[in-house]
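Chain by chain, the residues run as shown.
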Amino acid sequence: MVETPPKELASTPKFEERARRWKFPEGIEFANTRVQESYQRRVQMLIDVITLKKPERVPVCPAMGIFPFVYAGVTPQEAMYDYGKLAEAVRKYHSDFMPDTMAGTALYGSGKVLELLDYKLYRWPGHGVPPKESYQCIEDEYMRADEYHSLINDPSDFFLRNYLPRIFGPMAPLALLGPLTDILELPSVGPAMIPFGLPQVQEALRKLLEAGQAASEWIQACMTIDRETISTLGLTGLMSGFTKAPFDILGDTLRGTRGIMLDKFRHPNSVLAAVERFVPIAIEAGVRAAKNSRSPVVFMPLHKGADAFMSNKDFLAFYWPTLKAVILGLIDEGLIPYLFVEGAYNKRLDTIVDADIPSGRTIWMFDQTDLREVKKRFTGWACFGGNVPSSLLIAGKPEEVKAHVQRLIDDVGQDGGYILSTGATVDSAVAANLHAMIDTCKEYGVYR
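Our subject in this report is the structure included herewith. (Residues numbered from 1 in each chain as written. Predicted model: local features only at pLDDT ≥ 70, side-chain atom pairs only at ≥ 80, totals over all residues. Heavy atoms only, no water.)

**A closer look at the packing of aromatic side chains**
Thinking step 1. For the structure shown, the criterion picks out 24 aromatic pairs.
Thinking step 2. Connected via pairs of aromatic rings, a cluster forms that spans Trp364, Phe366, Phe378, Trp381, Phe384 and Tyr418. (Phe/Tyr/Trp six-rings, centres within 6.5 Å; stacked < 30°, edge-to-face > 60°.)

**Notes on the side chain of Ser231**
Thinking step 1. Relative to the helices and strands, Ser231 is located in helix α10 (residues 199–233).
Thinking step 2. For Ser231, a relative accessible area of 13% puts it in the buried group.
Thinking step 3. Within the structure, Ser231 has its side chain in polar contact with the backbone oxygen of Glu228 (distance 3.3 Å).
Thinking step 4. The residues contacting Ser231, other than those within four sequence positions of it, are Ile28, Glu29, Phe30, Ala31 and Val35. (Helix = DSSP H or I, 4+ residues; strand = E, 2+ residues; numbered from the N terminus. Buried < 20%, exposed > 50% of the residue type's maximum accessible area, 1.4 Å probe, protein only. Polar contact = N/O pair within 3.5 Å; in protein donor to acceptor, adjacent residues only side chain to side chain. Contact = heavy atoms within 4.5 Å.)

**Looking at the packing of helix α1 (residues 12–23) against helix α2 (residues 33–50)**
Thinking step 1. Direction vectors running N to C along α1 and α2 enclose 155°, while the axes themselves pass 9 Å from each other. As judged from the angle between their axes, α1 and α2 are roughly antiparallel. Contact residues: Ala19, Trp22 and Lys23 in α1; Tyr39, Gln40, Val43, Gln44, Leu46, Ile47 and Ile50 in α2.
Thinking step 2. Residues of the contact of α1 with α2, tallied by class, amount to seven nonpolar, two polar and one charged. (Axes fitted to C-alpha atoms, helices over the stretch in contact; angles between N-to-C directions. Parallel < 35°, antiparallel > 145°, perpendicular 65-115°, else oblique. Nonpolar A, V, L, I, M, F, W, Y, C, P; charged D, E, K, R; others polar.)

**Considerations on helix α16 (residues 371–378)**
Thinking step 1. Among all positions of α16, only Leu371, Val374, Lys375 and Phe378 are buried. Angularly, the buried residues of α16 cover 100° about the axis, an arc narrow enough to put them on a single face. Structural note: α16 exposes Arg372 and Lys376 on the side pointing more than 90 degrees away from its buried face.
Thinking step 2. Tucked inside the fold, the buried residues of α16 contact α15 (349–353), β7 (363–366), β8 (383–386), α18 (398–412) and β9 (418–419).
Thinking step 3. The N-capping residue of α16, defined by a side-chain oxygen 3.0 Å from the backbone nitrogen of Arg372, is Asp370. (Arc of directions from axis to C-beta.)

**Some words on the nonpolar core**
Thinking step 1. Core analysis: the largest hydrophobic core is formed by 109 residues, its most contacted members being Leu250, Trp364, Phe366, Phe378 and Leu420.
Thinking step 2. For this core, the leading source of residues is helix α14 (residues 312–332), giving eleven residues.
Thinking step 3. Ignoring sequence-local partners within four residues, the contact set of Leu420 consists of Val58, Pro59, Val60, Cys61, Pro62, Val388, Val405, Leu408, Met437 and Cys441. (Core = buried A, V, L, I, M, F, W, Y, C linked by side-chain atoms within 4.5 Å.)

**A short note on the layout of surface pockets**
Thinking step 1. Its volume calculated, the second largest pocket comes out at about 180 Å³.
Thinking step 2. Around the second largest pocket, the lining residues are Asp367, Asp370, Leu371, Arg372, Asn387, His404, Arg407, Leu408, Asp411 and Val412.
Thinking step 3. For the lining of the second largest pocket, the elements supplying multiple residues, two or more each, are α16 and α18.
Thinking step 4. If one sorts the elements of the lining of the second largest pocket by residue count, α18 sits on top with five residues.
Thinking step 5. Partitioned by chemical class, the residues of the lining of the second largest pocket number three nonpolar, two polar and five charged. (1 Å grid on protein atoms, 1.4 Å probe; cavity = no way out; pocket = protein on both sides within 12 Å on 5 of 7 lines; lining within 4 Å. Points joined across faces, edges and corners; volume = space filled by probe spheres on them.)

Now the structure itself:
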C-alpha cells in the first residue's frame, strides 16, 4: 500500500515562506506603488481564501482557455507561433477584464516546438484542427498492456526508450538505445555508446537540440509577457506548476481510456502497482515545477475519477489512495494542490473530506458538482470554487450571469473559503457575459 505523510503540519513554515515569496516577488519592478499595492492585495486575498480566513471579498478567477485570442481577434494558431500576437492578445484580455488572476502564457504551448518534435499525442491549431480552434488530445495505447512490468520496473527508462519514441516522431530512433543503467563499469561504456553513433540516433539528437532552442525562445517570451502583466496591472498568476493524479498519468496518455478501463478488470494488480509507482514521480513533478515560481499552488486536473467514469468501489481502489498520497506529499513540501475536478464528484465528497487531509491546504475547483453539498462538507476544511457554466457565458445574457453569480455567492460564498470561477476553461464567451461575471463578483462579493 502507498504510505502517506502524517497529518501534522510540519510543512507550515515551508508554506509560509512560499506565500511570502508570492506576495513579495523578487525580480519584479512594478510600474508604481499603486500597482504594487494592488498586486499584494490580490495575493493576500488569495492566501486568505485558501487558508480559510475571510478575505476582503470573493476572488474571481475564471479559468481561461483560448478566449483571450478570440476576444483580441488573434487566432490560436497565430498565438502559438507569433509571440508578439500572444502578447497582444493576453494584454488586451487582462487590461479589459481585470480578473484577480492572470492567464499564464505558457499554458498555450509553442507550435514551433510541437512541430519540430512531430508531437503525435495532440492536434493543435493549424496542425490537425482549424486555426481558430483549441487543441485536441489523440488517445491511443501508447503503452501496450504487456508492458506494465517494464513501466513499473523503471519508469524513466520506459519513457525514454518506449513511450517518448511513440509520441515524438524524431525520437523514434531512441528506441534503439540500450538501458543507460547498463553502464556500470569501464567495459560497459563502449557498448552503451554504440547506438549514439547511428545516423538516425544522431539525427534524433540534432532535432532535440533544435527543439530545445525553440523552447528557450518561447519560454523567454512567455516570461517577459507575464512579468509585464504583473508589473503594469498588478495581476498575479495563481498556479505555479502542474502534476497529475497517478491513475490519470496511466490512463490518459499511456494506456488511453479504453485500455485502462479493460486493465481494471484484466490486470488490476498491474494497474495498482503502476499507480503506486507514479506517486513519488507525481509529487516530485509538482515540487520541481513550483521550485522557481512565485505561487505555491500546483494545478492538478482530475480526469478519470468522476462519478460517471467509475464506481465508488473502483474510485476507492484505483483512484483515490494514490491521489491522496500525492496531495499529502505536495502539502508536506509547503505547496497547495489545486484540484480541477472535471465532471461531477457528488458521490465522492464524503470520501474526500474524511481523508485526513490538513485543513486550509487545498483548493477544489468544481465543474458539475452540487456546491451546496460541497459547502456543507468543506466549510472549515478546504477552499473550493467553480460552478459558473460555460454554456451560460456563451448563450446567456448579462443579467442571467449576474443573477447566477449572486446566487452562488449567497448559497456558498458567505463565510469565505470560496473562489468564483468557471466550471471549465473558457474558450468561447460573450464578452459582456464575462464582464458581468467578473464585475458582479467584485461588487456583490464584498464581505461586510
